[in-house]
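For reference, the chains in residue letters:
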Amino acid sequence: MRSPIGAKRFLERLRLRQVLTPHSGSKGHFRLKENEILSGKYLIEKFLDHGSYGQVASCLNLATNEKVALKILRNDLPGVGKKEVFILKKLRKLDQDHVVKFTEHFKHEGHYCLVFEMLDMNLHHFMRLSRFKPLCLCTIREITQQMLVALNALKSIGLVHSDLKTDNIMLVNHQSQPLKVKMIDFGLAKEVSKIFPGTTIQATGYRAPEVILGLPMNEGVDMWSLGCIMAFMYLGRHLYPLDSEYEVIRVLLQMQGQPDDYLLNSGTKTENFFSKETDSPNPSWKLKTRAQYRMTTGLRAKRCKNVYDTLTSLDDIEKIRRGEKDATKHTDTQAFLSLLKQMLHVDPAKRITPSEALGHCFITKKHMPCDTNNKPKQSSVAAGTKDEPPATAHRTTAGTNDGPPAKARLNEATAAGTKKRPPSDGVSFVEVKTQKKFLKWAREFSSRKIKLICCCKVDLTVERHTAI
């Protein structure tokens, strides 16, 4: 028999088993419990994700029987929830299809609770399922175009997402709508007018140079992050290091060259990474060593090794994905690299804007051949030469004319199946199913002919015997 103290501890452990996440109840986080009902209509079903400022759970709206995503923010940071609700209300007025739909908000036990539409999975998880296999350019184009539309909408109301990364791009439904995505998580979004030089925003691997160097910032920081995401989709690996600003600057210098002096002279954090030779008649900025960086900032910069160590320029990215020798794919890759370089321009004043990027040839596909740019396909015929009749003509006249002998038709069908296809020039070919149906018809036609000949022979034999 348990003692009163032992029974109390047992019940406490049993109650804690209902907690859905180890972050529940700690550092101001809400203690998520399965089957708990919030605001009288949101039934908590399961834990989905967590972040520094809150947790996300899958809930059932008992009033509409609809699944929703419920973001529950920490109660020790009330200003964070208030600011995010303000941002989300501004976004809701845009009615933007590529931004997550915000339904409502309420407070529960001091926690801001935000209700969103239920989406599928984030882009990082989607790529992890395929072991970070690089995506094809057509998929990269679709995702990039949608994110550019979303960024253009944010720019129109003077907002910066400031935390754009693969985790914050969600697939709506990777089965029924495989390429439709939406931007999520506006907890760190800011008004452009309220971002001051020296403010640290963005994840390290997606952080723009102006943020690291302490330069004035605008919506261009999101364009830099989207460029990093494009490179990640193309390579299946990050283009810049994720753990150290010093390493980001080192790789940036290796691939894109040192920022111009007028940028380094204006940065409030430039001296964290660069030193100037004051004794020289023409002093210039020089990257500090790791030891010097540690002495200046107190931070240790451990050398990171990844794909970026093999790149000396952004053009070298194409070498990582070999085997694309097709002329059309090469042209498309060059268009992709052209947009990428403009999005990752070190000078924010020269970086391409969302509206300009939407008119880039990689997005509009103006560089693609006419037959691949939404042009209606011609009817599927097996045209080896111009004089050869279409295969559909045989099927049309088969019921009214005796046509050529079955053997000749079989030869034609065999030739159609074994003939090598010429290079793609806009002409379509007979589908496999059509060929199989034609061969089947030819076999039936020949078998009927054979049966007819046999019947005639039998009739002749009977007549001879009768005559005798």
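Quick caveat, the model's predicted, so the values are computed rather than measured.

## Remarks on the overall build of the protein
Part 1 of the argument: Looking only at helices and strands, the protein has 17 helices and 13 strands in total.
Part 2 of the argument: Residue burial in the protein is summarised as follows: out of 468 residues, 40% are buried.
Part 3 of the argument: A separation threshold of at least 6 residues defines the contact pool for the protein, and within that pool the share at least 24 residues apart is 60%.

## Quick word on unusual backbone geometry
Part 1 of the argument: In this model, Glu 109 sits at a positive phi of 55°, which is unusual for a non-glycine residue.
Part 2 of the argument: In this model, Asp 185 sits at a positive phi of 60°, which is unusual for a non-glycine residue.
Part 3 of the argument: Inspection of the secondary structure puts Asp 185 in the loop between strand 10 (177-183) and strand 11 (190-191).
Part 4 of the argument: The partly exposed category is assigned to Asp 185, whose relative accessible area is 30%.

## Looking at the sheet that holds strand 10
Part 1 of the argument: Spatial strand order, 7-9-10: three strands in an open sheet with antiparallel pairing. The outermost strands of the open sheet, each flanked by one partner alone, are strand 7 (121-122) and strand 10.
Part 2 of the argument: Bridge count between strand 9 (residues 169-173) and strand 10: four bridges; the pairing is antiparallel. Paired with Leu 171 across the two strands is Val 181, which belongs to strand 10.

## Focus on the side chain of Thr 204
Part 1 of the argument: With respect to the element layout, Thr 204 can be found in the loop between strand 11 and helix 5 (209-213).
Part 2 of the argument: Under the relative-accessibility criterion, Thr 204 is labelled buried at 17%.
Part 3 of the argument: Residues within four places of Thr 204 in sequence aside, it is in contact with Pro 241, Leu 242, Asp 243, Ser 244, Glu 245 and Val 248.

## Here's the deal with the nonpolar core
Part 1 of the argument: One finds Phe 186, Met 233, Leu 239, Tyr 240, Ile 317, Phe 336 and Phe 362 to be the most contacted residues of the largest nonpolar core, which totals 91 residues.
Part 2 of the argument: It is helix 6 (residues 220-235) that provides the largest number of residues to this core, a total of 12 residues.
Part 3 of the argument: Listed in part, the 13 residues of the second largest apolar core include Ile 44, Cys 59, Leu 70 and Cys 113.

## So, the packing of aromatic side chains
Part 1 of the argument: This structure, assessed with the given rule, holds eight aromatic pairs.
Part 2 of the argument: Ring geometry for Tyr 42 versus Phe 106: centroids 5.7 Å apart, planes at 5°, classification stacked. Of the two residues, Tyr 42 is situated in strand 2 (residues 42-50) and Phe 106 in strand 5 (residues 102-108); the sequence distance between them amounts to 64 residues. Just as Tyr 42 is buried, Phe 106 falls in that class too.
Part 3 of the argument: One aromatic cluster is present, formed by Tyr 234, Phe 336 and Phe 362 through successive ring pairs.

## Side note on the sheet that holds strand 2
Part 1 of the argument: In space, the six strands of this open sheet follow the order 1-2-3-4-6-5, with antiparallel pairing throughout. The sheet is open, and its two edges are formed by strand 1 (37-38) and strand 5, each paired on a single side.
Part 2 of the argument: In the sheet, strand 5 pairs with strand 6 (residues 111-117) via six bridges, with the strands oriented antiparallel. Bridge assignment links His 105 to a residue of strand 6, and that residue is Leu 114.
Part 3 of the argument: Packed onto the sheet, helix 2 (residues 78-94) meets strand 4 (66-73), strand 5 and strand 6 and runs at close to 30° relative to strand 6.

## Here's the deal with helix 7 (residues 245-256)
Note on helix geometry: an α-helix contains 3.6 residues per turn, so any two residues three or four positions apart are oriented the same way.
Part 1 of the argument: The terminal C-alpha atoms of helix 7, which comprises 12 residues, lie 16 Å apart, in line with the 16 Å expected from a rise of 1.5 Å per residue.
Part 2 of the argument: When you tally the buried positions in helix 7, you get 10 out of 12 residues, the bulk of the element.
Part 3 of the argument: Among all positions of helix 7, only Glu 245, Tyr 246, Glu 247, Val 248, Ile 249, Arg 250, Val 251, Leu 252, Leu 253 and Met 255 are buried.
Part 4 of the argument: Looking at the buried side of helix 7, the elements it contacts are helix 5, helix 6, helix 9 (270-273), strand 12 (274-276), strand 13 (285-287) and helix 10 (290-297).
Part 5 of the argument: The residue sitting at the N-terminus of helix 7 and contributing the capping side-chain oxygen is Ser 244; that oxygen lies 3.3 Å from the backbone nitrogen of Tyr 246.
Part 6 of the argument: Residue Gly 257 follows helix 7 closely and has a positive phi angle near 85°.

## Points about the pattern of salt bridges
Part 1 of the argument: Applying the stated criterion across every chain, the model contains 19 salt bridges.
Part 2 of the argument: One salt bridge in this structure joins Asp 185 and Lys 71, with 3.2 Å as the shortest N-O distance. Residue Asp 185 is located in the loop between strand 10 and strand 11, and its partner Lys 71 is located in strand 4; the two are separated by 114 residues in the primary sequence.
Part 3 of the argument: In this structure, Arg 303 engages Asp 309 in a salt bridge whose closest nitrogen and oxygen atoms are separated by 3.6 Å.
Part 4 of the argument: Among the residues examined, Arg 303 registers a relative accessible area of 42% and is labelled partly exposed.
Part 5 of the argument: Three or more residues are tied together by salt bridges with common partners; here these are Glu 247, Arg 250, Arg 290, Arg 303 and Asp 309.

## Here we look at the environment of Ile 363
Part 1 of the argument: Structurally, Ile 363 can be placed in helix 14 (residues 361-364).
Part 2 of the argument: Beyond its immediate stretch of four places on either side in the chain, Ile 363 contacts Arg 141, Thr 144, Gln 145, Leu 148, Leu 339, Ala 357 and Leu 358.

## Digging into the confidence of the model for the protein
Part 1 of the argument: Chain-level pLDDT for the protein is 81 on average; 73% of the residues reach the 70-or-more range.
Part 2 of the argument: Below a pLDDT of 50 lies the segment residues 10-19, which in the model reaches 10 contacts outside its immediate sequence neighbourhood of four places, other chains included.
Part 3 of the argument: Here residues 456-468 is a poorly scored stretch, pLDDT under 50, and it has zero contacts once near neighbours within four places are set aside; other chains count.

The rules behind the values
- Residues numbered from 1 in each chain as written.
- Predicted model: local features only at pLDDT ≥ 70, side-chain atom pairs only at ≥ 80, totals over all residues.
- Heavy atoms only, no water.
- Helix = DSSP H or I, 4+ residues; strand = E, 2+ residues; numbered from the N terminus.
- Buried < 20%, exposed > 50% of the residue type's maximum accessible area, 1.4 Å probe, protein only.
- Contact = heavy atoms within 4.5 Å.
- Pairing = 2+ DSSP bridges.
- Core = buried A, V, L, I, M, F, W, Y, C linked by side-chain atoms within 4.5 Å.
- Phe/Tyr/Trp six-rings, centres within 6.5 Å; stacked < 30°, edge-to-face > 60°.
- Axes fitted to C-alpha atoms, helices over the stretch in contact; angles between N-to-C directions.
- Expected span 1.5 Å × (residues − 1).
- Polar contact = N/O pair within 3.5 Å; in protein donor to acceptor, adjacent residues only side chain to side chain.
- Salt bridge = Lys/Arg side-chain N within 4 Å of Asp/Glu carboxyl O.
- pLDDT = per-residue confidence, 0-100.

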